Amino acid sequence: MGAHPILTLIAQRIALGVLLLLAVSVLIFVGTEILPGDVAASILGQAATPQALENLRAQLGLNDPAYIRYFRWLGGVLTGDLGTALSNRMDIATSIWPRLKNTMFLAFWAAAVSVPLAILLGLIAVRYRNGFVDKTISGLSLSATSLPEFFIGYVLMYFFAVRLGWFPSVSTVYDTMPFLDRMRAIALPATALTLVVLAHMMRMTRAAILNVMQSAYIETAELKGLTLFEIIRKHAFPNAIAPIVNVVMLNLAYLVVGVVVIEVIFVYPGMGQYLVDHVTRRDVPVVQAVGLIFAAVYIGLNLVADIVAILANPRLRHRR
Amino acid sequence: MTMFKRMPIGAAIGLIVTVVLLFVAIFAPWIAPYPGSRVLGGVWEPASAQYWLGTDNLGRDLLSRMIYGARITVFIAVSATALAFTLGAILGFMAAVLGGWFDTLMSRFVDLMMSIPTLIFGLVVLSVLPSTIPTLIIVMGLLDSTRVYRLSRAVAVDINVMDFVEAAKLRGEGTRWIIFREILPNALSPLVSELGLRFIYAVLFLSALSFLGLGVQPPNADWGGMVRENREGIVFGIPAALIPAGAIAALAISVNLVADWLLNRTSDLKGGRGNA
Amino acid sequence: MSKELEFLSRMVAARKLNRRDFLGRASALGASAVFANSLLIGAARAQGAQKGGDLRLGLQGGESTNSLDPALWLTQVSQNFGSTWGELLVLQSPQDGSPQPVLAESWEASDDAAEWRFKIRKGVTFHNGQDLTPEDVAQTIRRHSDEATESAALGVLRGITDISVDGDNVVFKLDSGNADLPLLLTDYHLVIQPNGGYDDPAAGIGTGPYQVEVNEPGIRHVSTKYDGYWNDDIGHVASVEVIVMNDPTARTSALQSGQVHIINRVEPRTVELLARMPGVHIESVPSKGHYIFAMHCNTAPFDNADLRMALKLAVDREQMIEQILAGHASVGNDFPINQSYALFPEGVEQRAYDPDEARHYFERSGHSGPILLRTSEVAFPGAVDAAQLFQQQAQAAGIEIQVQREPGDGYWTEVWNKQPFCASYWGGRPTQDSMYSTAYVTGADWNDTRFFDEGFDTLIREARGELDDTKRAEMYREAATKVRDDGGLILPMFNDFLDARREEVQGWVQDPNHETSNLRAATRVWLDQA
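Residues numbered from 1 in each chain as written. Chains lettered and ligands numbered in written order. Predicted model: local features only at pLDDT ≥ 70, side-chain atom pairs only at ≥ 80, totals over all residues.

(A) Broad picture of the overall build of chain C. Each helix and strand in chain C was counted, giving 19 helices and 19 strands. Relative to its length of 530 residues, chain C is compact, with a C-alpha radius of gyration of 24 Å against a globular reference of 24 Å. Reported as C-alpha extents along the three principal axes, the dimensions of chain C are approximately 70 × 55 × 50 Å. Counting contacts in chain C only where the partners sit at least 6 residues apart, residues at least 24 apart contribute 71% of the total. (Helix = DSSP H or I, 4+ residues; strand = E, 2+ residues; numbered from the N terminus. Rg over C-alpha atoms; globule rule 2.2 N^0.38 Å. Contact = placed C-beta atoms within 7 Å.)

Right under this line is the structure:
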């Protein structure tokens, strides 16, 4: 084995990730099977007649055994075919794609603002620790986090859309929309999301760096006469990066999979709303497809966090 | 008691608010001016001498509901967070110290749990378990413990390869000693910082679960649920939703102020130079 | 007859014919005065209409699962958007609920009302350029009444045994006489499609004033004016955009900031607040829809008539209307019919809140312990609150109700029509007969109160074939009394439809048949561009 041990380690992690994804696919499949309620009944809702139900059930082929349907599904997924939605007979892949793009677009801009901001604020808090600045940053970010998302959304909407009219309250975006209009449309939901995730990352940055700062080698560095920011940059940050990346990844994952409420409030056509709609209709193929995509996002981001942790820790790199 | 004397003003405020809330929560029936569920007046009446905080979306006294709500909110959030941290931290530390197959198995299992969207998870749980408060606490605790696990493990892996831990291992200390005597004290800082936030997330998660139907059963309500009940008034400037939201924020800041203070205390304990 | 009348009504609107002459000729042609007047109103309205502009509606009730197939329409976005591009044979009059011709020009029944001939309008084209033929109509109704259909209209069309085409007419044969057939064809699912939609049910091709431009389910739908549209009285704006807004606050904010012109389902509690906003107008219409608590008459403890009566007496209806719907409702009397229906039984004594009487009945029932009431956010708007209010009101009568909130998801499949006591709602039906046949006769699929009463069943069956209105009204009075006194239905209120519009939206027609002006606000209004 001539490969560098780090490469082997990373390859292992990736292989594990793939295996995990497979396990998740089984779990999601089983989970959606357990769900009470009947696809046909949910499609037709309160207005369903038993006859219509029976007809639909037969038509959807809900009578095959579960494992056959699992492998049929898995085979489809591997060839890029996510199947057809039961409820509206639309191809799932083509329906999901624009929504996934929208979700990623919103998540990207929310992350582009919140991650650097959180780390910067965290560093500033460390620099002025326990002072007025630190306390203010802490207090404000905590208040933002402790408010329910819809509350933040409504308040932003009330001031910036209804009162001031700076931004639209409705964030409906579509393909042909010019980039600047699109940015204007997502201004409010992106701000809301930033406020929601900021504090968590900020506090972890602060705590992790402070933790490292108390180690003996920082004292040595201090004695060498390095300035505080140099110490943070050269010594503290690299060693604090594992927990920070962990929390950042958690929040990135949240930005992708957890934004249903913000989507509903701002009428943003993303994945969350799509999932909820289909869950309530028991549209199993869609729930499975979206569940799998969400799982892949989670696993992928966690993989990144793990790899960064391995790369960042010199001792892990040369594990005895 | 010396620790209280050197207490900074922020922490003191935090502690006082937290203690007052706990007091209110415990003695709710004796403090509340009205029963929490009785309809007394019109919908969304403004604050008055009779109803200090006005009435809510059904014409119930908001103050009384806040007081009863404190009880439910604090109790469930504290229990769920405690469960999450006990379980998550211990398993995370064990994974870091033991490594090998235990680590791999636990970590991938946690990944598995986390990668299933909460909505689907919640629905499946709902379909199997009855919607009671113990169920609620266990579900919230378990879901949250996965997050705590990842963090604890990440922190502990770094500590585990430090010299003093290896020294302890060479001394022949057992796993239990290493986890509780070597790793725990050194991992406390990020964990306590996380604790404050997780507690708040538990409060918020509770209201999200109410939405799924797994929350607190009416006519009782937690604070998050009360914000939700009164949310339609927000864009018209009705304060009924602002009050529970403000209370959650106050609770969040207080708990975290106390956590920060404890953080400094613990860095004192292990000989760092933290306390300014 | 109808075509000539329409032409004449337009002459009146253009002041080429006076009103008196018109009415005279109308009655000579055999039209009722009410019908002739409604034609006049339509024509006069259309005269003042401004053409053009892009109308935007922000509506609740749209999901990414929506389809353009009319058979699958359930919620408001599909229904409203559908009415821009699709049309029905018959529409219910906003004024008196009588059937009005749309794609069916006129109709006649045999003496026993078991055979109906509908004359199909000529000169109407589909958006794909094809002419509308009677065959298309016959095929459409066949698709919806086929036992293999998924259409929710199947239940309404059950009585049709044969559909055939005879020249310009479509002929329906029924298993028994039904005086209400034209009204049954007003069901919003029965949009006429080319070849009945057998080829491609979700193609979105219809005969309506607008043709489908953008179809993004759960996000937005756009349709633009169809040049070949046959009826000048409707379809004034140049394009219609329906944006899905499931959050009530999002809708009110969008309306206030002028991003949309029309919204549906204004939260009753915020109506007064919204009405004060500049540029906003509330449209409130009494409806046939009602909010209920349904008890299963065949399940303990609700199989006890005294207990049912106790619970009925333990609801303070006025307070519920005030606290839950901010007064935007009318009081219910525990039977599912109100003044919006033809032959409404006047003078049935209004049941009132009476805790003492309720306690008396409750004690007589011998029941003890709490009564479990299931509710959910989705049962009706404010259902969780309403259940808590009921709990409080019943407490005054010594009845302990335990409220259990169920997940909204799965409520209609797992709780409603399965659990013995739960909150629910009913939209209206076109006739008393269809309301009772859907949910109160023995063997009805949706008999959600498990009300089995042979005498009642006979009454409903006989009333359906009865052509004498006086006798029929008397039968419906008896039916209403039976449901009210013996049934498992607690009906505290009939909700109002609460829509809101910007002031530049003009020509709004108040219509009790469905919300947003019988789902047709988009085709009826115009935009004041001044």
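On we go.
(B) Spotlight on the overall build of chain B. Tallying secondary structure elements over chain B gives eleven helices and zero strands in all. Helices (α) and strands (β) of chain B occur, in sequence order from the N terminus, as α-α-α-α-α-α-α-α-α-α-α. Every one of the 276 residues in chain B was classed for burial, and the buried ones make up 57%. (Buried ≥ 20, exposed ≤ 12 C-beta atoms within 10 Å, placed from the backbone.)

(C) Structural detail: the interface of chain A and chain C. Contact residues are listed per partner, giving 41 residues for chain A and 38 residues for chain C. The set of elements that each furnish at least two residues to the side of chain A that touches chain C consists of helix H2 (39-44), helix H3 (50-59), helix H7 (149-163), helix H11 (260-266) and helix H12 (271-280) of chain A. Counted by class, the side of chain A that touches chain C contains 21 nonpolar, 15 polar and five charged residues. (Nonpolar A, V, L, I, M, F, W, Y, C, P; charged D, E, K, R; others polar.)

(D) Spatial organisation of the confidence of the model for chain B. All names here are of chain B. Per-residue confidence for chain B gives a mean pLDDT of 83; residues scoring 70 or more make up 90%. Of all secondary-structure elements in chain B, the lowest mean pLDDT belongs to helix H1 (residues 2-5), at 60, while helix H4 (residues 62-98) reaches the highest, 92. Low pLDDT, under 50, characterises residues 269-276; the predicted model gives this stretch 14 contacts beyond four residues in sequence or across chains. (pLDDT = per-residue confidence, 0-100.)

(E) Here's a closer look at the packing of H12(A) against helix H13 (residues 284-312) of chain A. Residue and element names in this part refer to chain A. Remark: H12 packs on H13, axes separated minimally by 8 Å, with the N-to-C direction vectors making an angle of 145°. Both H12 and H13 take part in a crossing whose hand is left-handed. Contacts from Met271, Tyr274, Leu275, His278 and Val279 of H12 reach H13 at Val286, Val287 and Val290. Residue composition of the contact of H12 with H13, grouped by class: seven nonpolar, one polar and no charged. (Axes fitted to C-alpha atoms, helices over the stretch in contact; angles between N-to-C directions. Left-handed = near helix turned anticlockwise from the far one by under 90°.)

(F) How the structure looks around the interface of chain B and chain A. Taken together, the 45 residues of chain B in the interface contact 55 residues of chain A. Sorting the residues of the side of chain B that touches chain A by element identifies helix H5 (100-115), helix H6 (118-128), helix H7 (133-160), helix H9 (175-212), helix H10 (223-229) and helix H11 (242-269) of chain B as the ones contributing at least two each. Grouping the amino acids of the side of chain B that touches chain A by side-chain chemistry returns 27 nonpolar, eleven polar and seven charged.

(G) Representation of the packing of helix H6 (residues 132-146) of chain A against helix H8 (residues 179-213) of chain A within the structure. Residue and element names in this part refer to chain A. Look at H6 against H8: their axes get within 7 Å of each other, and the N-to-C directions meet at 130°. With respect to H8, the element H6 is oriented oblique. Note that H6 runs across H8; the crossing there is left-handed. Between H6 and H8, the contacting residues are Ser141, Leu142, Ala144 and Thr145 on the first element and Leu195, Val196, Leu198, Ala199, His200 and Met202 on the second. Here the contact of H6 with H8 is composed, by residue class, of seven nonpolar, three polar and no charged. (Parallel < 35°, antiparallel > 145°, perpendicular 65-115°, else oblique.)

(H) Looking closely at the pairing of strand S14 (residues 371-375) of chain C. All names here are of chain C. Most of S14 sits out of view: four of its five residues are buried. Of the strand pairs in this sheet, S14 and strand S15 (residues 401-405) are connected by five bridges, and their pairing is parallel. Note on S15: the bridge partner recorded for arginine 374 is glutamine 404. Crossover connection from S14 via helix H13 (residues 383-395) to parallel S15: handedness right-handed. (Pairing = 2+ DSSP bridges. Right-handed = clockwise from strand over helix to strand, strands pointing away.)

(I) The environment of C:Asp112, seen in detail. Residue and element names in this part refer to chain C. Along the chain, the position of aspartate 112 falls in the loop between strand S4 (104-109) and strand S5 (115-120). Of the residues examined, aspartate 112 has 13 C-beta atoms within 10 Å and is grouped as partly exposed. Taking C-alpha positions, aspartate 112 is 29 Å from lysine 288, a pair spaced 176 residues apart along the chain.

(J) Broad picture of the environment of B:Ala77. Residue and element names in this part refer to chain B. By secondary structure assignment, the location of alanine 77 is in helix H4. Taking the C-alpha atoms as reference points, alanine 77 and threonine 132, separated by 55 residues in sequence, lie 15 Å from one another. Setting aside its immediate chain neighbours within four residues, alanine 77 contacts Phe199, Ala202, Val203 and Leu206.

(K) Representation of the sheet that holds strand S7 (residues 169-174) of chain C. Residues and elements named next belong to chain C. Read from one edge of the open sheet, four strands run S4-S5-S7-S6, paired in antiparallel fashion. Each having just a single partner strand, S4 and strand S6 (160-166) make up the two edges of the open sheet. Here the strands of the sheet are splayed against their neighbours by 20° on average, with no regard to which way each runs. For S6 and S7, the ladder comprises six bridges, and the chain directions are antiparallel. Opposite isoleucine 163, over in S7, you have phenylalanine 172 as the bridge partner. On top of the sheet, helix H5 (residues 134-145) reaches S5, S6 and S7; it is set at about 165° to S6, its chief contact.

(L) Representation of helix H17 (residues 469-486) of chain C within the structure. Residue and element names in this part refer to chain C. With 18 residues, H17 extends 25 Å between its outermost C-alpha atoms, agreeing within 8% with the 26 Å of an ideal straight helix rising 1.5 Å per residue. Among the residues of H17, Arg472, Met475, Tyr476, Ala479, Ala480, Val483 and Arg484 are the ones counted as buried. Looking at the buried positions of H17, the neighbouring elements they touch are helix H15 (432-439), helix H16 (454-465) and strand S17 (489-502). (Expected span 1.5 Å × (residues − 1).)

(M) Main features of unusual backbone geometry. Residue B:Pro219 is reached from B:Pro218 by a cis peptide bond, and omega for that bond is 5°. Here B:Pro219 is to be found in the loop between H9 and H10. A cis amide bond links C:Ala300 with the next residue in sequence, C:Pro301, at an omega value of 0°. Take C:Pro301: it is sitting in the loop between strand S12 (280-295) and helix H10 (305-313). One non-glycine residue, A:Val267, lies in positive phi territory at about 55°. Following the sequence through the fold, A:Val267 ends up in the loop between H11 and H12.

(N) Examining the confidence of the model for chain C more closely. The predicted model of chain C has a mean per-residue pLDDT of 89, with 92% of residues at 70 or higher. In the model output, the complex is listed with pTM 0.82 alongside ipTM 0.79.

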